[in-house]
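Architecture and fold: a report
Spelled out from the first residue to the last, the chains are:
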Amino acid sequence: MAVFVDGQHKTDYGRIILSCDNILHDPDRVTATPSRGDGISADDERDIRIVGCELIQTTGVLLQLPQVAMATAQILFHRFYLVKSMVIHNYEHLAMAAIFLAAKVEEHPRRVRDIINCFHHYKQHKEKKPVVPLDFTGSLYVKMKNDIIKAERRLLKELGFCVHVKYPHKIIIIVLALILEQKQNTELIQMAWNFMNDSLKTDVFLRYTPDQIGCACIWLAARMKKVVLPESPPWYKLLDCSQETCSEISDTIMSLYTIPRPDTTKLDRALNAAKEAYELKKSFNEKTKKDLKDVTASYSPLPDHVGGKETPKEGSPLDVPVREGAKRKENGDGHRNGRRKHSPGRKRYSPASPRRKHDRYRSKKHRSRSLSDSDTSPRRHKHRSRRRVSVSSHDGSSSDIEAAEARKKRHERVSEK
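Conventions used here
- Residues numbered from 1 in each chain as written.
- Predicted model: local features only at pLDDT ≥ 70, side-chain atom pairs only at ≥ 80, totals over all residues.
- Heavy atoms only, no water.
- Helix = DSSP H or I, 4+ residues; strand = E, 2+ residues; numbered from the N terminus.
- Buried < 20%, exposed > 50% of the residue type's maximum accessible area, 1.4 Å probe, protein only.
- Contact = heavy atoms within 4.5 Å.
- Areas by Shrake-Rupley, 256 points an atom, 1.4 Å probe, with all protein chains shown as cover.
- Salt bridge = Lys/Arg side-chain N within 4 Å of Asp/Glu carboxyl O.
- Phe/Tyr/Trp six-rings, centres within 6.5 Å; stacked < 30°, edge-to-face > 60°.
- Lys NZ or Arg CZ within 6 Å of the ring centre and 35° of its normal.
- Polar contact = N/O pair within 3.5 Å; in protein donor to acceptor, adjacent residues only side chain to side chain.
- Axes fitted to C-alpha atoms, helices over the stretch in contact; angles between N-to-C directions.
- Parallel < 35°, antiparallel > 145°, perpendicular 65-115°, else oblique.
- Left-handed = near helix turned anticlockwise from the far one by under 90°.
- Nonpolar A, V, L, I, M, F, W, Y, C, P; charged D, E, K, R; others polar.
- pLDDT = per-residue confidence, 0-100.
- Disulfide = S-S within 2.5 Å.
- Expected span 1.5 Å × (residues − 1).

Moving on: the overall build of the chain. The helix and strand tally for the chain stands at 16 helices and two strands. Here the chain holds 417 residues, and the buried ones make up 31% of them. Partitioning the intrachain contacts of the chain with sequence separation of at least 6 by distance along the chain shows that 71% fall at a separation of at least 24. Of the roughly 28,800 Å² of accessible surface on the chain, a fraction of 53% belongs to carbon and sulfur atoms.

Here is the structure:
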């Protein structure tokens, strides 16, 4: 993006915008989660979110964390599963990682050992098993600790380290006490507070702002307690909210009280079935890719006669065998005048290179010696003639031999003079 700074044109390569508005999504985006694509139904996904949030809330109470930390952990839990699948990432590990991270964000850190101990105690109590302390030197504790640390890193990575959360707690108190003058009505304040805490189990924090959620909780609590709030002008207009938005959020919150309580055994069976289907699909895709790669590697081009290239017939000039030296020269394998295979060509020296100067100096020196010494030239010619004679004799041609002998006699006569 191009910007102007101090009258100069500069390029802005990237920015990080931290705002509570850029984490809101459309309802279509919230419903089209990766878990749905991996075979988890809408009801099972809703129940898993509820179970995970209950796990965070109960563990936070056992750890004596403030409600703000537990609310942060639940919102981070919802944000993560908006981009990742419950089939691949265990919701229990992520719930513990979320409360571990949220406790540090809200400056109330807790040890991993304490979180594991509280989670283990809650799980035994929920499954109605005898409460047995966890062995902190055993392999189970080490595995759970590593899973929590890995889940925390994955949570930070997927959220882009944007873990800031705005809550509607203060909004509820301020609006009821100062604006609506309901400071003495503690039952109304407590009911609105309870609705707000229950809304953390839903996905309303992914679709609406905290101000709108706070207005909806007050609006719902007033209707339940039959408290008349000012409508001319509407009080919720102060927080950029409408009656339709309050009604939608209230319906989502009230749906929690109408559905049956989630069955963890049924949810585990559904998750295991989805995992098996996912692993089968993954193995099938890997096998398909491997087969495709093998087919591509074993692919052979079409024959010459199919591609339009003429195949030499028997006895044609194209069938003449090539000499071995020519083959080596063509391939460049070991030939004296050829280049080696896969080797770069020889460098040509520039006119200013030292070797080139040395060669010019040697050529001048030999030229001056040839002019001063009369025996050098015939001897050099004699040697050259002998070499030519030997080559031509090897070929076995009589005309070449006679020509070589004539040149030899001519050089001998020159040397005698």
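It is worth spelling out the pattern of salt bridges at this point. Close approach of charged atoms lets side chains of opposite charge pair. The final tally for this structure, using the stated rule, is 15 salt bridges. In this structure, E45 and R36 form a salt bridge, with 2.5 Å as the shortest nitrogen-oxygen distance. On the accessibility criterion, E45 (2% relative accessible area) is buried. For R36, a relative accessible area of 32% puts it in the partly exposed group. One salt bridge connects R111 with D114, and the closest N-O pair in it is separated by 3.2 Å. Overall, R111 belongs to the exposed group, its relative accessible area being 51%. Classification of D114 by relative accessible area gives partly exposed; the value is 26%. Several salt bridges converge on common partners, so that one network encompasses R36, E45 and R49.

All right, on to the packing of aromatic side chains then. Under the defined criterion, the tally for this structure stands at five aromatic pairs. Their ring planes at 75° and their centres at 5.1 Å tell us that F77 and Y81 sit as a pair that is edge-to-face. Taken together, the positions of F77 and Y81, both in helix 4 (residues 67–83) and four residues apart, correspond to about one turn of that helix. A residue is classified by how much of its surface remains accessible, and F77, at 0% relative accessible area, is buried. Judged by relative accessible area, Y81 falls into the buried class, the value being 0%. Ring centres 5.1 Å apart and planes at 85° place the aromatic pair F136 and Y141 in the edge-to-face group. Classification of F136 as partly exposed rests on a relative accessible area of 25%. Residue Y141 is classed as buried on the basis of its relative accessible area, which comes to 10%. Three or more aromatic residues joined by ring pairs make a cluster, and in this case those are F77, F80 and Y81. The residue whose ring lies beneath R113 is F136, and the NZ or CZ to ring-centre distance is 4.0 Å.

Counting through the fold element by element, E45 comes out in helix 3 (residues 42–62). Of the polar contacts made by the side chain of E45, one reaches the side chain of R36; its length is 2.5 Å.

All right, on to the packing of helix 3 against helix 5 (residues 91–105) then. The relative placement of two packed helices comes down to the angle between their axes together with the axis-to-axis distance. In the contact formed by helix 3 and helix 5, the axes pass within 9 Å of each other and the chain directions differ by 40°. As summarised for this structure, helix 3 and helix 5 are arranged oblique, according to the angle between their axes. The element helix 3 and its partner helix 5 pack so that their crossing is right-handed. Contacts between helix 3 and helix 5 involve I48, V51, G52, L55, I56, T59 and G60 on the former and, on the latter, Y91, E92, A95, A98 and I99. Residues that form the contact of helix 3 with helix 5 fall into these classes: eight nonpolar, three polar and one charged.

Right, let's get into helix 8 (residues 169–179). An α-helix turns once every 3.6 residues. As a result, residues three or four positions apart point the same way. Taken together, the buried positions of helix 8 are occupied by H169, I171, I172, V175 and L176. Elements that come into contact with the buried residues of helix 8 comprise helix 4, helix 9 (186–199) and helix 10 (210–225). Remark: E181 follows helix 8 within two positions and exhibits a positive phi of approximately 55°.

Where helix 10 meets helix 11 (residues 243–254), the closest approach of the two axes is 8 Å, and the angle between their N-to-C directions is 75°. Viewed along their axes, helix 10 and helix 11 adopt a mutual orientation that is roughly perpendicular. Across the interface between the two elements, Q212, I213, C215, A216, C217, W219 and L220 of helix 10 pack against Q243, T245, C246, S247, I249, S250, I253 and M254 of helix 11.

For the chain, the average pLDDT comes to 77, and 69% of its residues sit at 70 or higher. Note on residues 1–5: pLDDT under 50 across the span, and twelve contacts to partners over four residues away in sequence or across chains. Across residues 324–330 the pLDDT falls below 50, and counting only partners more than four positions away or on other chains, this stretch makes five contacts in the model.

So, on to the state of the cysteines. Per the counting criterion, the structure on display carries zero disulfides. C215 takes part in no disulfide bond, and the closest cysteine sulfur, belonging to C241, lies 4.8 Å away. For C215, a relative accessible area of 0% puts it in the buried group.

Here helix 6 (residues 112–126) is 15 residues long and its end C-alpha atoms lie 21 Å apart, about the 21 Å a rise of 1.5 Å per residue gives. The complete set of buried residues in helix 6 reads V112, I115, I116, C118, F119, H120, Y122 and Q124. Immediately beyond the C-terminal end of helix 6, within one or two residues, lies K128, with a positive phi of roughly 60°.

The amide bond that connects S232 to the next residue, P233, takes the cis arrangement and shows omega of 0°. The residue E107 is not glycine, and still its phi comes out positive at about 60°. Note on placement: E107 falls in the loop between helix 5 and helix 6. Even without a glycine there, the phi angle at D240 is positive, about 55°. With respect to the helices and strands, the residue D240 is situated in the loop between helix 10 and helix 11.

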